[in-house]
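# Examination of the molecular architecture
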Amino acid sequence: MNSLIKEKLGEAWHKELKDEFEKNYMKELKNFLQKDAKEFIIYPPFDDTFNAFKLCPLEKLKVVILGQDPYHGPNQAHGLCFSVQAGIKPPPSLVNIFKELETSIPGFTRTVSGELTNWATQGVFLLNTCLSVREHQAGSHFNKGWEIFTDKVIEIINEKKSGVVFMLWGAPARKKVSMIDRSRHLILEAPHPSPLSAHRGFLGCKHFSKANMYLKKQNMQEIDWVL
């Protein structure tokens, strides 16, 4: 099991997180997921659960975008927050993210694909606070243990890295502010990009251009947000 987790996480993340998988909360979470999978379809597929970690190693991480739980429709979630698999229509929140990019990043044009793998491989850590969900049941795996795990992940990034841009959208993500050292990282806060709240300050927040300006000041490679 340990070697399988190492393969899913990648070496650097596994080194920092391996002890978490031996803790009681994670064993209880594993038991819950195994039982739930017998009764429900669970997203994303297990092989994709830790894609954010595998595609964005800790040593390459520059930006954190924090989501809530995975998309719960067929063939959508693949382990990266806000991203959907190639060939799947971008959901409304992602459409609003693209709208914001169009107004703040020169050359960005909306594509038919909502797959954000290209961001992840450049150092954008696309993390959901809860890493699994039942089909068609948003929030169904909240408070089962994932949040303890992902809080630990945020703690590791805060302590082990410097100069990281944290994009916190919506009330649940913004609650993580207290875990992040503002003297060492940039925190960008806005309402969630959902159609219910995007017009209250997400659209026009300029987070993507602000992130690149911050990275440039630190002599770090900017993110190419164009898909």
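Our structure's up above, just so we're on the same page.
This report concerns the structure included in the present document. (Residues numbered from 1 in each chain as written. Predicted model: local features only at pLDDT ≥ 70, side-chain atom pairs only at ≥ 80, totals over all residues. Heavy atoms only, no water.)

## A look at the state of the cysteines
We apply this condition: Only a pair of cysteine sulfur atoms within 2.5 Å counts as a disulfide in this structure description.
Enumeration over the complete set of coordinates arrives at zero disulfides. Cys56 supplies the cysteine sulfur nearest to Cys81, a cysteine that is in no disulfide, at a spacing of 11 Å.

## A look at the pattern of salt bridges
Here is the rule we go by: Counted as salt bridges are all cases of a side-chain nitrogen of Lys or Arg within 4 Å of a carboxyl oxygen of Asp or Glu. The helix and strand labels rest on DSSP assignments: H or I over at least four residues marks a helix, E over at least two residues marks a strand, and numbering proceeds from the N terminus. For each residue, the accessible area found with a 1.4 Å probe, counting protein chains only, is set against the maximum for its type, and the residue is called buried under 20%, exposed over 50%, and partly exposed in between.
By the definition in use, this model includes nine salt bridges. Among the salt bridges present, the one from Lys160 reaches Glu16, with a minimum N-O distance of 4.0 Å. On the criterion of sequence distance, the pair formed by Lys160 in helix α7 (residues 146-160) and Glu16 in helix α2 (residues 11-17) is long-range, its members being 144 residues apart. On the basis of relative accessibility, which here comes to 51%, the residue Lys160 falls in the exposed class.

## Considering the packing of helix α3 (residues 24-39) against α7
What counts is decided by this rule: Lines fitted to the C-alpha atoms define the axes, with helices restricted to the stretch that makes contact. Angles between their N-to-C directions range from 0 to 180 degrees. Roughly parallel means an angle under 35 degrees; roughly antiparallel means over 145; roughly perpendicular covers 65 to 115; every other angle is labelled oblique. Any two residues whose heavy atoms approach within 4.5 Å at even a single point are treated as in contact. Just so you know the grouping, Ala, Val, Leu, Ile, Met, Phe, Trp, Tyr, Cys and Pro go in nonpolar, Asp, Glu, Lys and Arg go in charged, and all remaining residues, Gly too, go in polar.
Running from N to C, α3 and α7 cross one another at 130°; their axes reach a closest spacing of 9 Å. By the angle between their axes, α3 is oblique relative to α7. On the side of α3, the interface is formed by Tyr25, Met26, Leu29 and Leu33, while α7 contributes Trp146, Ile148 and Phe149. Taken together, the residues that form the contact of α3 with α7 break down as seven nonpolar, no polar and no charged.

## Looking at the packing of aromatic side chains
Where we set the bar: Centre distance within 6.5 Å is the pairing criterion for rings of Phe, Tyr and Trp, where only the six-membered ring of Trp is used; planes under 30 degrees apart are then read as stacked, over 60 as edge-to-face, and the remainder as tilted. A ring has a charge above it when a Lys NZ or an Arg CZ is no more than 6 Å from the ring centre and no more than 35 degrees off the ring normal.
Tallied over the full model, the rule gives 17 aromatic pairs. Ring geometry for Phe50 against Trp146: centres 6.0 Å apart, planes inclined by 70°, an arrangement best described as edge-to-face. In this pair, Phe50 is assigned in the loop between β1 (42-43) and α4 (51-55) and Trp146 in helix α7, connecting sequence segments 96 residues apart. Of the two residues, Phe50 and Trp146, both sit in the buried class. In textbook terms, an aromatic cluster arises when at least three aromatic residues are bridged by ring pairs, as seen for Trp13, Phe21, Phe50, Phe53, Phe125, Trp146 and Phe149. One cation-aromatic arrangement involves Arg134 over Phe40; the distance from NZ or CZ to the ring centre is 4.0 Å.

## Considerations on the pairing of strand β5 (residues 165-169)
Consecutive residues of a regular strand have side chains that alternate between opposite faces of the sheet. To be explicit about the condition: Each pair of strands is called paired provided DSSP finds at least two bridges between the two strands.
Within β5, five of the five residues are buried, which leaves the element mostly enclosed by the surrounding structure. Every second residue of β5 is oriented toward a common face, with Val165, Met167 and Trp169 on one face and Phe166 and Leu168 on the other, all of them buried. The sheet contact formed by strand β2 (residues 63-67) and β5 spans four bridges and is parallel. Opposite Val63, over in β5, you have Val165 as the bridge partner. Bridge count between β5 and strand β6 (residues 186-190): five bridges; the pairing is parallel. Looking at the pairing, Met167 lines up with Leu188 of β6.

## So, the environment of Arg110
Selection criterion: Nitrogen and oxygen atoms within 3.5 Å of one another constitute a polar contact, given that in protein one can donate a hydrogen and the other can accept it, and given that sequence-neighbouring residues count only through two side-chain atoms.
On the secondary structure map, Arg110 appears in the loop between α5 (92-104) and α6 (117-121). A distance of 3.1 Å separates the side chain of Arg110 from the side chain of Glu102, its partner in a polar contact.

## Examining helix α9 (residues 207-217)
When we look at burial in α9, the residues that qualify are His207, Phe208, Ser209, Ala211, Asn212 and Leu215. As for α9, its buried residues are in contact with β2, α5, α6, β5 and β6.

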